[in-house]
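The chain contents come next:
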Amino acid sequence: PEPEEMYADGFVSFINMTGLPNALCGLTRPIHFKGVCTVVGKLFNIVTPDRAYFGQKDAQQLAIIMRMVSDLNMNLEVVGCPIVREEDGLAKSSRNTYLSTEERAAALCLSRAIFKAKEMIEGGERNSARVAQAVTETIEEEPLARIDYVEVVNLGNMQPVETLPERGLVAIAVYIGSTRLIDNYLYDFE
């Protein structure tokens with residue numbers, strides 16, 4: 001729908017969530033998830049779907065939408081879809097098209113860092129500081145990369161952890177040139 005159809009003149013009602021949006025991407029984009037929740041809530045209300053599918057690449061957004069649906073007793077199932085990667089490992093994103101050839105090659109530091117975290121965690125590492133340090137060092141090997149954040153968080157509340165909980169997330173946001181890219185590794189020991 002056109003913006004005018006979704007937000008008529010004088011529109012003043014929003015879905016605002018506390019907690020989950022106050023970490024990771026929400027720190028540098030403080031009202032972003034308020035807009036996401038509002039538009040997604042409106043679309044769910046208009047379409048009344050049985051299921052809605054969201055990619056796990058935007059893990060914080062997925063967690064926020066799942067919590068909103070639960071909190072507001074919306075009658076639908078939210079399904080998380082695995083990250084789709086390019087042949088070389090880079091997570092697929094419309095933002096990848098903003099990268100020059102040199103930046104596209106540099107962006108592979110994100111997937112290398114995520115795969116390093118996965119290898120460490122699957123190998124038994126449970127100290128989040130050691131995982132975060134290895135991820136940071138992998139990214140910092142790339143001169144064109146500038147880290148926005150590297151976090152190991154509890155999946156339920158998106159807050160940093162010292163020791164990896166049963167379900168968690170290694171999340172990164174990195175600027176390659178002026179393009180901000182995100183990637184993550186979702187682990188589950190259950």
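Refer to the preceding data block for the structure.
Each value, and the rule that gives it
- Residues numbered from 1 in each chain as written.
- Predicted model: local features only at pLDDT ≥ 70, side-chain atom pairs only at ≥ 80, totals over all residues.
- Heavy atoms only, no water.
- Helix = DSSP H or I, 4+ residues; strand = E, 2+ residues; numbered from the N terminus.
- Rg over C-alpha atoms; globule rule 2.2 N^0.38 Å.
- Contact = heavy atoms within 4.5 Å.
- Areas by Shrake-Rupley, 256 points an atom, 1.4 Å probe, with all protein chains shown as cover.
- Pairing = 2+ DSSP bridges.
- Axes fitted to C-alpha atoms, helices over the stretch in contact; angles between N-to-C directions.
- Patch = residues over 30% accessible without salt bridge, like charges linked within 9 Å, V, L, I, M, F, W, Y side chains within 5 Å.
- Salt bridge = Lys/Arg side-chain N within 4 Å of Asp/Glu carboxyl O.
- Buried < 20%, exposed > 50% of the residue type's maximum accessible area, 1.4 Å probe, protein only.

## Notes on the overall build of the protein chain
Consideration 1: Across its full length, the protein chain holds seven helices and five strands.
Consideration 2: Counted from the first residue to the last, the protein chain has its helices and strands arranged as α-α-α-β-α-β-α-α-α-β-β-β.
Consideration 3: Against the 2.2 N^0.38 benchmark of 16 Å for 190 residues, the protein chain shows a C-alpha radius of gyration of 18 Å, consistent with a compact globule.
Consideration 4: Considered along the principal axes of its C-alpha atoms, the protein chain spans approximately 50 × 40 × 30 Å.
Consideration 5: Across the protein chain, contacts joining residues at least 24 apart in sequence account for 62% of those joining residues at least 6 apart.
Consideration 6: With an accessible surface of roughly 10,600 Å², the protein chain has 49% of that area assigned to carbon and sulfur atoms.

## A look at the sheet that holds strand β5 (residues 179–188)
Consideration 1: Spatially, β3-β4-β5 is the arrangement adopted by the three strands of the open sheet, whose pairing is antiparallel. A strand with exactly one partner marks an edge of an open sheet, and here the two such strands are β3 (145–154) and β5. When strand polarity is set aside, the average angle formed by the axes of neighbouring strands in this sheet is 10 degrees.
Consideration 2: As paired strands, strand β4 (residues 167–176) and β5 are joined by 10 bridges and run antiparallel to one another. Bridge pairing in β5 links Gly 168 to Tyr 187.

## Quick look at a nonpolar patch on the surface
Consideration 1: Among the surface-exposed residues, Leu 43, Ile 46 and Val 47 lie close enough to one another that they form a single nonpolar patch of about 270 Å² accessible area.
Consideration 2: Mapped onto the elements, Leu 43 comes out in helix α3 (residues 32–47).
Consideration 3: Residue classification places Leu 43 among the partly exposed positions, given a relative accessible area of 31%.

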